[in-house]
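Listed below are the residues making up each chain.
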Amino acid sequence: MPATTPPLRFPELLAPAGSLQMMRTAFAFGADAVYAGQPRYSLRVRNNSFGKLEALAQGIDEAHAAGKAFYLVNNIYPHNTKVRSFLADLEPVVALGPDALIMADPGLMMMVRERWPDVAIHLSVQANTTNYAAVRFWASLGVKRIILSRELSLDEVSEIRDACPDVELELFVHGALCVAYSGRCLLSGYFNHRDPNQGSCTNSCRWDYKVHDAAEDDSGDVRRVPQDAGLGGGARHTASERVWLIEEGTRPGELMPVEEDEHGTYILNSKDLRAVEHVARLVAIGVDSLKIEGRTKSPYYVARASQAYRHAIDDAVAGRPFDVHLLGELEGLANRGYTDGFYERHHTPDHQNYLRGHSESGRSLLVGEVLDFDAARGLAEVEVKNAFGIGDRLEFVHPRGNDTVCLERLEDAAGAPIGRVHGAGRRVWLPLPAAARGAAPCFIARFL
């Protein structure tokens, strides 16, 4: 009999959780697992509510009660001070029963292996695993899952899968990309003394820079060249040796040199990763987990991203064609422009964002979150996030699916009719589509 092709299997959809609310939202919108970390030992210090043991305990208990997984991030590359306190700080956390520890530093992994030999370890993307030999090395040390580097093509991922069929593989499919190689950036530490590799990145690559022409003189100093002047005085000016001075928007007059070689200049912000169109290929390859970046983002972000990738995974496993509408769904999230990263090779202008460093969305904007529904009045109480009003086309985003309506009725907190609500910090009442009644969480977006 001819060999039959084994059925496709569902990869895990792994979502970020910077808070319990984010975790619950991720699960409600289709995530199979979440990852969260203690601020001291993971690369997310800001907007991280899991600094207290009680929050971690509640998160792990709720995840397991829902049949979901909770992974604890310990992916810092620590200096000696943090190494000395690591085991004592981790002991009560391990006792809570996280499903795995996401780690990068081999010394910390050795310490965990010696103290808790049965605890599962997932290798962080920070370890920059780009080939099958490295995967085999880490697997030989007992690492259960390898989170592969973002700098891999689909073909390279497939080759690693073929060479390492028994090792779990995880890949990022959505979220911010770093200008450095898998997060190894020094800009924030240089400008603000906040080390990206210790979890306190200020996203200096996203700042508003102005570029001034410059040249290196005979003494070796880099000086600004006036616009009407040429490169004289013995200045180096070959194409591979050009020098510029950059000026950050909030630091006028502070000129910092940046050089460009034949490969370009890298103090520019990257577009965001969106690889939803490649989910079917990743499912076919046999990747075990598809990961969304964004522990510092909002519950609305994790809702829309989880919903879109859940849809894409379900379609891929069922053999349905890719739903191109998912590209538009993800445009509804704040983003810096999208790229599919290195999955398919591009020229530099295709994945570097030269035009803007701020987040923007060209499709829709979060305007509210439903708090409660009054069945007697047929209206929902909504916490306002951004301005909206009568006549706006609204999208209600909830776990049962999304509904689009034109708003025809709006009341203030006291029940008086109003035409528009201006800005956040208020509560209003409005009708809900039938399918959204009782659905939680439920977010409201205004089409732009």
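What counts and how
- Residues numbered from 1 in each chain as written.
- Predicted model: local features only at pLDDT ≥ 70, side-chain atom pairs only at ≥ 80, totals over all residues.
- Heavy atoms only, no water.
- Helix = DSSP H or I, 4+ residues; strand = E, 2+ residues; numbered from the N terminus.
- Buried < 20%, exposed > 50% of the residue type's maximum accessible area, 1.4 Å probe, protein only.
- Contact = heavy atoms within 4.5 Å.
- Phe/Tyr/Trp six-rings, centres within 6.5 Å; stacked < 30°, edge-to-face > 60°.
- Core = buried A, V, L, I, M, F, W, Y, C linked by side-chain atoms within 4.5 Å.
- Axes fitted to C-alpha atoms, helices over the stretch in contact; angles between N-to-C directions.
- Parallel < 35°, antiparallel > 145°, perpendicular 65-115°, else oblique.
- Nonpolar A, V, L, I, M, F, W, Y, C, P; charged D, E, K, R; others polar.
- pLDDT = per-residue confidence, 0-100.
- Pairing = 2+ DSSP bridges.
- Left-handed = near helix turned anticlockwise from the far one by under 90°.
- Salt bridge = Lys/Arg side-chain N within 4 Å of Asp/Glu carboxyl O.
- Expected span 1.5 Å × (residues − 1).

Describing the overall build of the protein chain
Line of reasoning, step 1. On a plain count of helices and strands, the protein chain comes out with eleven helices and 22 strands.
Line of reasoning, step 2. Taking all 448 residues of the protein chain together, 52% fall into the buried category.
Line of reasoning, step 3. Taking contacts inside the protein chain between residues at least 6 apart in sequence as the whole, the part at least 24 apart equals 66%.

Notes on the packing of aromatic side chains
Line of reasoning, step 1. Within the structure shown, the criterion is met by five aromatic pairs.
Line of reasoning, step 2. Between the aromatic rings of F29 and F443, the centroid separation amounts to 6.4 Å while the plane-to-plane angle is 40 degrees, which identifies the pairing as tilted. Note that F29 is positioned in the loop between α1 (20–28) and β2 (33–37) and F443 in strand β22 (residues 443–447), a separation of 414 residues in sequence.
Line of reasoning, step 3. Between Y41 and F86 the ring centres are 5.3 Å apart and the planes differ by 75 degrees, which places this aromatic pair in the edge-to-face class. Taken together, the residues Y41 in the loop between β2 and α2 (53–65) and F86 in helix α3 (residues 80–94) connect sequence positions 45 residues apart.

So, the nonpolar core
Line of reasoning, step 1. Among the nonpolar cores identified, the biggest contains 95 residues, and F70, F86, L90, I146, L148 and Y309 are the most heavily contacted of them.
Line of reasoning, step 2. Of all hydrophobic cores here, the second largest spans 17 residues; its members include L394, L407, L430 and C442.

Topic: the packing of α1 against α2
Line of reasoning, step 1. Across the interface, α1 lies against α2 with an axial gap of 10 Å and an inter-helix angle of 10 degrees. Of the possible angle classes, the one that applies to α1 and α2 is roughly parallel. Residues L20, M23, R24 and F27 of α1 lie in contact with α2, whose contacting residues are A55, Q58, G59, E62 and A63.
Line of reasoning, step 2. Grouping the amino acids of the contact of α1 with α2 by side-chain chemistry returns five nonpolar, two polar and two charged.

Observations concerning the confidence of the model for the protein chain
Line of reasoning, step 1. Chain-level pLDDT for the protein chain is 85 on average; 76% of the residues reach the 70-or-more range.
Line of reasoning, step 2. Ignoring residues within four places in sequence, the model shows residues 261–266, a span with pLDDT below 50, making seven contacts including any to other chains.
Line of reasoning, step 3. This model gives residues 351–355 a pLDDT under 50, and the stretch forms 15 contacts once residues within four places in sequence are excluded.

Observations regarding the pairing of strand β3 (residues 69–74)
Line of reasoning, step 1. Within β3, six of the six residues are buried, which leaves the element mostly enclosed by the surrounding structure.
Line of reasoning, step 2. In β3, alternate side chains face the same way, and those of A69, Y71 and V73 on one face and F70, L72 and N74 on the other are all buried.
Line of reasoning, step 3. Examined bridge by bridge, β2 and β3 share five bridges and lie parallel to one another. Across the sheet, residue G37 finds its bridge partner in β3, namely V73.
Line of reasoning, step 4. Relative to strand β4 (residues 100–103), β3 runs parallel, the two sharing four bridges. Within the sheet, the bridge partner assigned to V73 lies in β4 and is I102.

Digging into the packing of α1 against helix α9 (residues 299–318)
Line of reasoning, step 1. In the contact formed by α1 and α9, the axes pass within 8 Å of each other and the chain directions differ by 20 degrees. Overall, the two elements α1 and α9 adopt an arrangement that is roughly parallel. Considering the relative orientation of α1 and α9, their crossing is right-handed. Together, Q21, M22, T25 and A26 of α1 and P299, V302, A303 and S306 of α9 make up the contact between the two elements.
Line of reasoning, step 2. Tallied by class, the residues present in the contact of α1 with α9 amount to five nonpolar, three polar and no charged.

Points about the pattern of salt bridges
Line of reasoning, step 1. Counting across every chain of the model gives 21 salt bridges.
Line of reasoning, step 2. Residue D288 pairs with R161 through a salt bridge whose shortest N-O separation is 2.9 Å. A residue pair is termed long-range when its members are at least 10 positions apart, and D288 in the loop between α8 (279–285) and β13 (289–292) and R161 in helix α6 (residues 154–163) qualify at 127 residues.
Line of reasoning, step 3. Looking at D288, the relative accessible area reads 15%, which means it is buried.
Line of reasoning, step 4. The exposure class of R161 is buried, given its relative accessible area of 7%.
Line of reasoning, step 5. Put simply, E170 and K291 hold a salt bridge, and the shortest N to O gap is 3.2 Å. Of this pair, E170 sits in strand β7 (residues 168–175) while K291 sits in strand β13, placing them 121 residues apart in sequence.
Line of reasoning, step 6. Its relative accessible area of 0% is what places E170 among the buried residues.
Line of reasoning, step 7. Overlapping salt bridges, with partners in common, bring together E12, R145, E168, E170 and K291 in one network.

Some words on α2
Line of reasoning, step 1. With 13 residues, α2 should reach 18 Å at 1.5 Å per residue; the first-to-last C-alpha distance of 18 Å fits that figure.
Line of reasoning, step 2. Of the positions making up α2, those classed as buried are A55, L56, A57, G59, I60 and A63.
Line of reasoning, step 3. Contact partners of the buried residues in α2: α1, β3 and α3.
Line of reasoning, step 4. After α2 finishes, the residue G67 shows a positive phi value of roughly 75 degrees.

Considerations on α1
Line of reasoning, step 1. Of all the residues in α1, the buried ones are L20, M22, M23, T25, A26 and F27.
Line of reasoning, step 2. Just beyond α1, the residue with positive phi is G30, at close to 110 degrees.

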